[in-house]
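Residues per chain, in single letters:
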Amino acid sequence: MARRLLLDKSISDDMERVMISKLKTECGCHFTLKLENMFRDKELWTTQSTAFKEYRDNFVQNERTIDISVRVLTAGVWPTHSAPGCILPAPCEQAFNMFNNFYESKHNGRKLTLNTMLGTADVKAVFYGVSSQKPGTSEVRETPKEENKILVVNTHQMVILMCFNSQSRLTFQALSEQTNITERELKRNLQSLAMGKPAQRVLCRKGKGKDIGRFFVVIGELHVFSTWNTLRFLIL
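Residues numbered from 1 in each chain as written. Predicted model: local features only at pLDDT ≥ 70, side-chain atom pairs only at ≥ 80, totals over all residues. Heavy atoms only, no water.

Trainee: Residue-level account of the overall build of the protein chain, with values.
Mentor: Counting secondary structure elements, the protein chain contains seven helices and seven strands. When the helices and strands of the protein chain are read in sequence order from the N terminus, they spell out α-α-α-β-α-β-β-α-β-α-α-β-β-β. Considering only residue pairs separated by 6 or more positions, the protein chain has 68% of its internal contacts joining residues 24 or more positions apart. Accessible area of the protein chain: about 14,400 Å², with a carbon and sulfur share of 51%. (Helix = DSSP H or I, 4+ residues; strand = E, 2+ residues; numbered from the N terminus. Contact = heavy atoms within 4.5 Å. Areas by Shrake-Rupley, 256 points an atom, 1.4 Å probe, with all protein chains shown as cover.)

Trainee: Give me the nonpolar core: which residues, what numbers.
Mentor: If you look at the biggest cluster of nonpolar residues, it comprises 42 residues, and the most contacted ones within it are Phe 99, Met 158, Ile 160, Leu 175 and Leu 190. Looking at this core, the elements that each hand over two or more residues are helix H3 (29-60), strand E1 (70-74), helix H4 (90-106), strand E2 (112-127), strand E3 (147-154), helix H5 (155-163), helix H6 (172-179) and helix H7 (183-194). For this core, the element with the highest residue contribution is H4, accounting for seven residues. If you look at the next biggest cluster of nonpolar residues, it comprises 11 residues, including Ala 2, Leu 6, Leu 35 and Trp 78. (Core = buried A, V, L, I, M, F, W, Y, C linked by side-chain atoms within 4.5 Å. Buried < 20%, exposed > 50% of the residue type's maximum accessible area, 1.4 Å probe, protein only.)

Trainee: Residue-level account of the packing of aromatic side chains, with values.
Mentor: If you walk through the whole model with that rule in mind, you get seven aromatic pairs. Where Phe 52 meets Phe 99, the ring centres are 5.1 Å apart and the plane angle is 75 degrees; that geometry is what we call edge-to-face. Note that Phe 52 is positioned in helix H3 and Phe 99 in helix H4, a separation of 47 residues in sequence. An identical accessibility class is assigned to Phe 52 and Phe 99; each is buried. Here Phe 99 and Phe 102 contribute two aromatic rings whose centre-to-centre distance is 5.7 Å and whose plane-to-plane angle is 50 degrees, an arrangement assigned as tilted. Of this pair, Phe 99 and Phe 102 both sit in helix H4, three residues apart, which is roughly one turn of the helix. Here Phe 99 falls in the buried class, since its relative accessible area comes to 1%. Judged by relative accessible area, Phe 102 falls into the buried class, the value being 4%. Here the aromatic cluster, defined as three or more aromatic residues joined through ring pairs, consists of Phe 52, Tyr 55, Phe 99, Phe 102 and Tyr 103. (Phe/Tyr/Trp six-rings, centres within 6.5 Å; stacked < 30°, edge-to-face > 60°.)

Trainee: Got a sec to walk through the packing of H5 against H7? Specific residues and values, please.
Mentor: One can describe the packing of H5 onto H7 by two numbers: an axis separation of 10 Å at closest approach and a directional angle of 75 degrees. Accordingly, the angle class assigned to the pair H5 and H7 is roughly perpendicular. Along the contact surface, H5 presents His 156, Gln 157, Ile 160 and Leu 161, while H7 presents Glu 185, Leu 186, Asn 189, Leu 190, Ser 192 and Leu 193. Its residues assigned to classes, the contact of H5 with H7 comprises five nonpolar, four polar and one charged. (Axes fitted to C-alpha atoms, helices over the stretch in contact; angles between N-to-C directions. Parallel < 35°, antiparallel > 145°, perpendicular 65-115°, else oblique. Nonpolar A, V, L, I, M, F, W, Y, C, P; charged D, E, K, R; others polar.)

Trainee: Break down the pattern of salt bridges for me, citing the residues and quoting the values.
Mentor: The full count for this structure, using the stated rule, is seven salt bridges. For Arg 17, the salt bridge goes to Glu 43, with nearest N and O atoms at 3.1 Å. With Arg 17 in helix H2 (residues 13-27) and Glu 43 in helix H3, this pair connects stretches of sequence that are 26 residues apart. With a relative accessible area of 34%, Arg 17 lands in the partly exposed category. Accessibility expressed as a relative area gives 48% for Glu 43, which makes it partly exposed. One network of salt bridges, with partners in common, ties together Lys 53, Arg 56, Asp 57 and Asp 67. (Salt bridge = Lys/Arg side-chain N within 4 Å of Asp/Glu carboxyl O.)

Okay, here's the thing in structure tokens:
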């Protein structure tokens with residue numbers, strides 16, 4: 001149920017409330033207390049999102065900013081797993097700090113901790129292609145036209161892809177140092193980006209079989225503009 005509420009996968013809030021009501025009748029109010037608090041958090045998301053949008057528009061005015069949607073979760077209520085913080089790209093860090101300042105101005109004494117495990121992002125990726133010379137001739141192949149793609153990825157994949165804005169080739173160790181993502185999570189996300197279906201691969205790897213590879217390069221040339229869609233925060 002928590003995952004359905006977080007990811008907006010619930011068919012109907014009314015049906016969820018009916019289920020909670022039945023559980024409360026059968027098992028008692030203590031059994032459903034956390035479920036009821038989850039719904040209370042969910043009801044606050046809409047009003048909080050509207051208030052933050054007004055705050056952001058007044059703060060940045062005509063400046064281009066990342067479109068950010070936030071879920072603030074009460075600690076101890078949601079069955080979330082804590083995760084080591086990763087190093088966010090500068091535009092995303094600025095977006096987080098802006099929301100943090102907004103939240104602290106409304107709730108004195110509360111602290112927000114970023115949880116990137118369930119976050120998602122829509123990123124605009126521009127693939128430029130690379131010119132190459134035909135073997136044995138001086139003729140240069142035409143550079144393919146640039147292609148604009150919207151990639152729907154999780155937060156860690158977005159952080160990884162934005163590292164390639166400044167470098168077209170990075171080793172696994174370099175990505176680990178630049179992102180601070182745990183080794184297990186980094187491998188899992190790189191496998192998705194470099195070892196999926198051929199038509200869906202964004203990165204190339206040097207490695208064979210199931211080996212994650214020593215280094216990664218972008219297919220063609222890539223520039224990623226983050227339009228961060230959803231973030232997850234925990235109140236501590």
